[in-house]
Amino acid sequence: MKLMVQIEDEILPLAQCFWIRSDANGCVYSSSHGDTAVTAAEAHKGFTPRQRDRDRDLKNGWTVRLVTKQQWKQQAEPCFRGTCEHRKAAAA
């Protein structure tokens, strides 16, 4: 059975999506394939196993969300390559 999800106007198999974990500035620090979790809370637990660390993430504005492959390329890939605007702004 394939789990399907809707991201904006697109309906896709969950396995073709990605979970990303971003700081309050939008810089992505973690990523996993969509089929590793069904909910953002489950994905967050996979990224950050200890509850107190997840609570701190949420308090400090970190987010976990599901994105399409194209969104991943636009939003996460530059962060992992160190070429995102978030890191450039932090270095300035």
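Residues numbered from 1 in each chain as written. Predicted model: local features only at pLDDT ≥ 70, side-chain atom pairs only at ≥ 80, totals over all residues. Heavy atoms only, no water.

A.B. asks: Explain helix H2 (residues 51-59) to me, please; I cannot follow it from the model alone.
C.D. replies: Owing to its 3.6 residues per turn, the α-helix brings residues three or four apart onto one side. Turning to H2, its buried residues are Asp53, Arg54 and Asp57. Relative to the axis of H2, the buried residues are bounded by an arc of 100 degrees and lie together on one face. Opposite the packed face of H2, turned more than 90 degrees from it, sit the exposed residues Arg52, Leu58 and Lys59. Where the residues of H2 are buried, they touch strand S3 (18-22) and helix H1 (40-47). Trailing H2 by a residue or two, Gly61 shows a phi angle of about 90 degrees, which is positive. (Buried < 20%, exposed > 50% of the residue type's maximum accessible area, 1.4 Å probe, protein only. Helix = DSSP H or I, 4+ residues; strand = E, 2+ residues; numbered from the N terminus. Arc of directions from axis to C-beta. Contact = heavy atoms within 4.5 Å.)

A.B. asks: How should the environment of Asp23 be read in this particular structure?
C.D. replies: Turning to its location among the elements, Asp23 is positioned in the loop between S3 and strand S4 (28-33). Overall, the relative accessible area of 12% leaves Asp23 in the buried class. When the C-alpha atoms of Asp23 and Arg65 are compared, they prove to be 12 Å apart, with 42 residues separating the residues in sequence. Non-local contacts of Asp23, meaning those with residues more than four positions away in its chain, are made with Tyr29, Gly61 and Trp62.

A.B. asks: Any chance you could explain the sheet that holds S4 here in plain terms?
C.D. replies: Within a sheet, each strand pairs with its neighbour through backbone hydrogen bonds, oriented either parallel or antiparallel. The three strands are arranged S4-S3-S5 in an open sheet whose pairing can be described as antiparallel. Two strands close off the open sheet at either side, each with one partner strand: S4 and strand S5 (63-67). Taking the axes of each pair of neighbouring strands and ignoring which way they run, one obtains an average angle of 20 degrees across the sheet. As paired strands, S3 and S4 are joined by five bridges and run antiparallel to one another. Bridging from a neighbouring strand, Phe18 pairs with His33 of S4. (Pairing = 2+ DSSP bridges. Axes fitted to C-alpha atoms, helices over the stretch in contact; angles between N-to-C directions.)

A.B. asks: Help me understand the packing of aromatic side chains in this model?
C.D. replies: What characterises a pair of aromatic rings is the spacing of the ring centres plus the angle enclosed by the ring planes. Summed over the entire model, instances satisfying the criterion amount to three aromatic pairs. For the ring pair Phe18 and Trp72, a centre distance of 5.6 Å and an interplane angle of 35 degrees mean the geometry is tilted. Note that Phe18 is positioned in strand S3 and Trp72 in helix H3 (residues 69-75), a separation of 54 residues in sequence. Neither residue differs from the other here; Phe18 and Trp72 are each classed as buried. Arranged with centres 5.2 Å apart and planes meeting at 45 degrees, the rings of Tyr29 and Trp62 form a pair that is tilted. Of this pair, Tyr29 sits in strand S4 while Trp62 is found in the loop between H2 and S5, placing the two residues 33 residues apart along the sequence. Its relative accessible area of 41% is what places Tyr29 among the partly exposed residues. (Phe/Tyr/Trp six-rings, centres within 6.5 Å; stacked < 30°, edge-to-face > 60°.)

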